[in-house]
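Architecture and fold: a report
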Amino acid sequence: MSKRRIKKVAIIGSGIMGSGIACHFANIGVDVLLLDIVPRELNDKEKAKGLTLEDKVVRNRLVNDALTASLKSKPSPIYNKKFADRITTGNIDDDLHLIKDVDWVMEVVVERLDIKQSVFEKIEQYRTPGTIISSNTSGIPIKFMNEGRSEDFRKHFAVTHFFNPPRYLKLFEVVPGPDCKQDVTDFLMEYGDKFLGKTSVLAKDTPAFIGNRIGIFGIQSLFHQVKELGLTVEEVDKLTGPVIGRPKSATFRTVDVVGLDTLVHVANGIYDNCPDDEAHDLFKLPGFINTMMENKWLGSKTKQGFYKKSVNAEGKKEILTLDLDTMEYRSKKRASFATLELTKTIDKPIDRFKVLVGGKDKAGEFYRKNFAAMFAYVQNRIPEISDELYRIDDAMKAGFGWENGPFEIWDAVGVEKGIELMKAEGKEPAAWVTEMVAKGETSFYSIKDGATYYYDIPTKSQVKKPGQDAFIILDNIRKSNEVFKNSGVVIEDLGNGILNCEFQSKMNTIGGDVLAGLNKAIDLAEKDFDGLVVGNQGANFSVGANIGMIFMMAVEQEYDELNMAIKYFQDTMMRMRYSSIPVIAAPHGMALGGGCELSLHSDKVVAAAETYMGLVEFGVGVIPGGGGSKEMALRASDTFRKGDVQLNVLQEYFLTIGMAKVSTSAYEAFDLGLLQQGKDVVVVNRDRQIAEAKKHAMLLAEAGYTQPVNRNDVLVLGKQALGAFMVATDSMQASNFISEHDQKIANKLAYVMAGGDLSEPTKVSEQYLLDIEREAFLSLCTERKTLERIQHMLKTGKPLRN
């Protein structure tokens, strides 16, 4: 059988989901044909231009308007604006015949069976046999969509359910039709993981599949508990947010963002189509939800939901909260619970659950009731919605942003304790759970040789979770493969001669212990290994240097110590570049300031697609001092080409720092000069990132890696650049575009990137640039306004303009 390749896809339906899915296929390099219906009548603009319904611009209006709106939306659905060129638009009447040349046709039209059946009928006229055909439905049964379709259509038909927004949410549910060929199902599962960067979850053709079935149960359960326990909207959001490893938007804010009408639609679908569900009545909407629906308080789309933005009597913006008893908006109330205070010293949410369910206050009662309800519900969904318990956890983590799935939380609480919580609420353990405990199994999951195993109900044994051979899960190997540890890092042996240096500091900031750990990792790798990866699987790669430490030294006027600390940072970055082994950086999420500088100095960057990288030091009143300013001058020098206006090239790199630009994806980081074409690579699935980085370290080592020679050939432009930049900053300050302090910082940066006030363009060493970079950084640390900025950032997490 020939290997299936996806070079071109057709997306039928260009609404929010259709356009978002089209953009994500474009993100990964696939050509996309995006089609929608032809408008039935002209709009006013078209009438004024004298256009008719036969004009192409009119016939493609709906699809073009939808795609344009999608590309303008925030957060952006596309990694890089240039990638939108991979999308060709058209309409179903004129262009459906073009689907004969595509490898995959996906239907993303309105959730009405009759419309879907009509679209499938038209698709069959032009579809090439053997082409994959799928639907993004969130719940219409496949047997109805398949009705009247040819055998070849049915053999290649499945539901491929993306979550909104398709770029950012990782869940990709694959629901094969009753006649779908196994190789099609296998292909879709692999494609979702390897190419689309998703967590592919095999689901059954049951109402709302896995993610929404469990997710909507969780929200509906809360809707009913909120009144029972006398909790406010703020209290529920406090209890169901980051403290238990859920997104900041928690419950009610999430509903506002998604739209109450969307949630109600799915809940009603489950209520209508799952009459035998033991929690059937829970899917019935409580009174306050019906009132909100009648009032059209649907959330962000109608400007009010559980929260509402308002302007108070003093003219200040404030966010009001809906009081669920009076159904009136009021000022937000602070939510606090003694139980939550007990978890403040516990870093990982997974380790907090035992404490939370033992709470003696209303929070403890809430968690006991909430988890008991969730455990009871998920145990009974096997085998209805999935044969394997891990798929339920995967769906909740990937689709709803939970750090831990229900069965992982149950394990953290303790299987026996979970049963006790359920019984206290009048719920019994499922037969398979009772049998598992009777067999002496004490957990749903176990770790063996760095791999995750799960309790498999049919075989009554722990079975290796499939698909993880392409991953390295640091949580699974940290203890068994530890080579060195201090308070800032853990160094792990990844196997095959490659080490990994994993940051363990708060927000993965880079302080003395992390720098010591990086140096130790290079020492170890140079002595006994072949290469080093610097990567972690936290929320962010690194938010930069420890500015609290810098602030304390500057306030105490310990300038010699500060100079030594900055030099230690610079020396560590240079050591990464000039070691005798290849060093691979694996940034993801935020890679800011020092986290970006570390990436700039590695031999190769293997970046996750969702990497937000930038040299943002201007925000705290300094310039990049860990080699970042030097590096941008060096990269500008390497970019100078014959015939270029060299000053213009340097200016682009100067502005990347001066405007504190942060890439909105790894692909955009190439445009900012932070990643380099031909050297650095991007991985779409973050789960594969550490394994990919390890492969690249091995490749460089096997190719005969040689320690690079220190650079003495960086061309700097001296007074020519310095003068031009200072004239520009003077003009900007005079026009009030920047403050006097901004001007001072910009002039310091100009001095470094120009190589000082040299009389003519000169080739200098990296060390020369590092010395003037450090001098400029230290001089800014003596400024009162810099200290004010650092202090403001430490207090609020936001930059101050002064």
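Here the structure is a predicted model, which is why all the values come from computation and not from measurement. (Residues numbered from 1 in each chain as written. Predicted model: local features only at pLDDT ≥ 70, side-chain atom pairs only at ≥ 80, totals over all residues. Heavy atoms only, no water.)

1. A look at the side chain of Gln570
- Along the chain, the position of Gln570 falls in helix α25 (residues 559–577).
- Look at Gln570 and you get buried, because its relative accessible area is 1%.
- Residues in contact with Gln570, not counting those within four places in the same chain, are Gly625, Gly626, Gly627, Leu770, Glu773 and Arg774. (Helix = DSSP H or I, 4+ residues; strand = E, 2+ residues; numbered from the N terminus. Buried < 20%, exposed > 50% of the residue type's maximum accessible area, 1.4 Å probe, protein only. Contact = heavy atoms within 4.5 Å.)

2. Structural notes on the packing of helix α20 (residues 415–424) against helix α21 (residues 431–438)
- Where α20 contacts α21, the axes come no closer than 11 Å and their chain directions differ by 140°. With respect to α21, the element α20 is oriented oblique. Between α20 and α21 lies a crossing whose hand is left-handed. Across the interface between the two elements, Val415, Glu416 and Ile419 from α20 touch Val433, Met436 and Val437 from α21.
- Split by residue class, the contact of α20 with α21 holds five nonpolar, no polar and one charged. (Axes fitted to C-alpha atoms, helices over the stretch in contact; angles between N-to-C directions. Parallel < 35°, antiparallel > 145°, perpendicular 65-115°, else oblique. Left-handed = near helix turned anticlockwise from the far one by under 90°. Nonpolar A, V, L, I, M, F, W, Y, C, P; charged D, E, K, R; others polar.)

3. Topic: the pattern of salt bridges
- One pass over the structure, following the stated rule, counts 56 salt bridges.
- Across the pair Glu631 and Lys630 runs a salt bridge, and its minimum N-O distance is 3.0 Å.
- A residue is classified by how much of its surface remains accessible, and Glu631, at 2% relative accessible area, is buried.
- Given the relative accessible area of 0%, Lys630 is considered buried.
- Salt bridges sharing common partners tie together Glu54, Lys56, Arg59, Asp94 and Asp95. (Salt bridge = Lys/Arg side-chain N within 4 Å of Asp/Glu carboxyl O.)

4. Observations concerning a negative patch on the surface
- The grouping of Glu556, Glu558, Asp560 and Glu561 at the surface amounts to a negative patch.
- Mapped onto the fold, Glu558 is located in the loop between α24 (547–555) and α25.
- Among the residues examined, Glu558 registers a relative accessible area of 33% and is labelled partly exposed. (Patch = residues over 30% accessible without salt bridge, like charges linked within 9 Å, V, L, I, M, F, W, Y side chains within 5 Å. Areas by Shrake-Rupley, 256 points an atom, 1.4 Å probe, with all protein chains shown as cover. Lys, Arg positive; Asp, Glu negative; His and termini not counted. Charge placed at Lys NZ, Arg CZ, Asp CG, Glu CD.)

5. Some points on the packing of aromatic side chains
- Applying the stated rule across the entire model yields 36 aromatic pairs.
- Ring centres of Trp104 and Tyr191 lie 5.7 Å apart, and the angle between their planes is 75°; on these two criteria the pair is classed as edge-to-face. Taken together, the positions of Trp104 in strand β4 (residues 104–107) and Tyr191 in helix α9 (residues 182–194) put the pair 87 residues apart, joining distant regions of the chain. Of the two residues, Trp104 and Tyr191, both sit in the buried class.
- Here the aromatic rings of Phe252 and Phe306 are separated by 4.5 Å at their centres, their planes lie at 50°, and the arrangement is tilted. Residue Phe252 is located in helix α12 (residues 252–258), and its partner Phe306 is located in the loop between α14 (287–294) and β9 (307–311); the two are separated by 54 residues in the primary sequence. (Phe/Tyr/Trp six-rings, centres within 6.5 Å; stacked < 30°, edge-to-face > 60°.)

6. Section: the environment of Ala776
- Its place among the elements puts Ala776 in helix α33 (residues 766–781).
- Residues in contact with Ala776, not counting those within four places in the same chain, are Ile623, Lys748 and Val752.

7. Remarks on the environment of Gly139
- Inspection of the secondary structure puts Gly139 in the loop between β5 (132–135) and α7 (142–145).
- Taking the relative accessible area as the measure of exposure, Gly139 reaches 29% and is therefore partly exposed.
- Taking the C-alpha atoms as reference points, Gly139 and Ala208, 69 residues apart in sequence, are found 4.9 Å from one another.
- If sequence neighbours within four positions are ignored, Gly139 has contacts with Glu111, Ala208 and Phe209.

8. Quick notes on the sheet that holds strand β11 (residues 328–331)
- Strand order in this open sheet of three strands is β9-β10-β11, and the pairing throughout is antiparallel. A strand with exactly one partner marks an edge of an open sheet, and here the two such strands are β9 and β11. Shown here is a sheet whose adjacent strand axes are inclined to one another by a mean of 45°, direction ignored.
- Pairing between strand β10 (residues 317–323) and β11: four bridges, direction antiparallel. Note on β11: the bridge partner recorded for Asp323 is Glu328. (Pairing = 2+ DSSP bridges.)

9. Remarks on the environment of Ala728
- Relative to the helices and strands, Ala728 resides in helix α31 (residues 719–734).
- For Ala728, a relative accessible area of 38% gives the class partly exposed.
- For Ala728 and Val649, which are 79 residues apart along the polypeptide, the C-alpha to C-alpha distance reads 15 Å.

10. What about a positive patch on the surface?
- A cluster of basic residues, Lys3, Arg5, Lys7 and Lys194, forms a positive patch at the surface.
- With respect to the helices, strands and loops of the structure, Lys194 is situated in helix α9.

11. Let's talk about the side chain of Glu46
- Within the secondary structure, Glu46 sits in helix α2 (residues 44–48).
- Using a relative accessible area of 6% as the deciding quantity, one classes Glu46 as buried.
- Of the polar contacts made by the side chain of Glu46, one reaches the side chain of Arg61; its length is 2.7 Å.
- With near-sequence residues (within four places) excluded, Glu46 lies in contact with Glu41, Leu51, Val58 and Arg61. (Polar contact = N/O pair within 3.5 Å; in protein donor to acceptor, adjacent residues only side chain to side chain.)

12. Describing the sheet that holds strand β1 (residues 8–12)
- The strand order across the open sheet built from eight strands is β3-β2-β1-β4-β5-β6-β7-β8, with neighbouring strands paired in mixed fashion. Only two strands of the sheet have a single partner each, and these edge strands are β3 (87–91) and β8 (199–202). Strand-to-strand twist across the sheet, computed as the mean angle between neighbouring axes with direction ignored, equals 25°.
- The pairing of β1 with β4 spans four bridges and is parallel. The residue bridging Val9 from the neighbouring strand is Trp104, located in β4.
- The strands touched by helix α4 (residues 61–72) are β2 (31–36) and β3; relative to β3, the strand with the most contacts, the crossing angle is about 145°.

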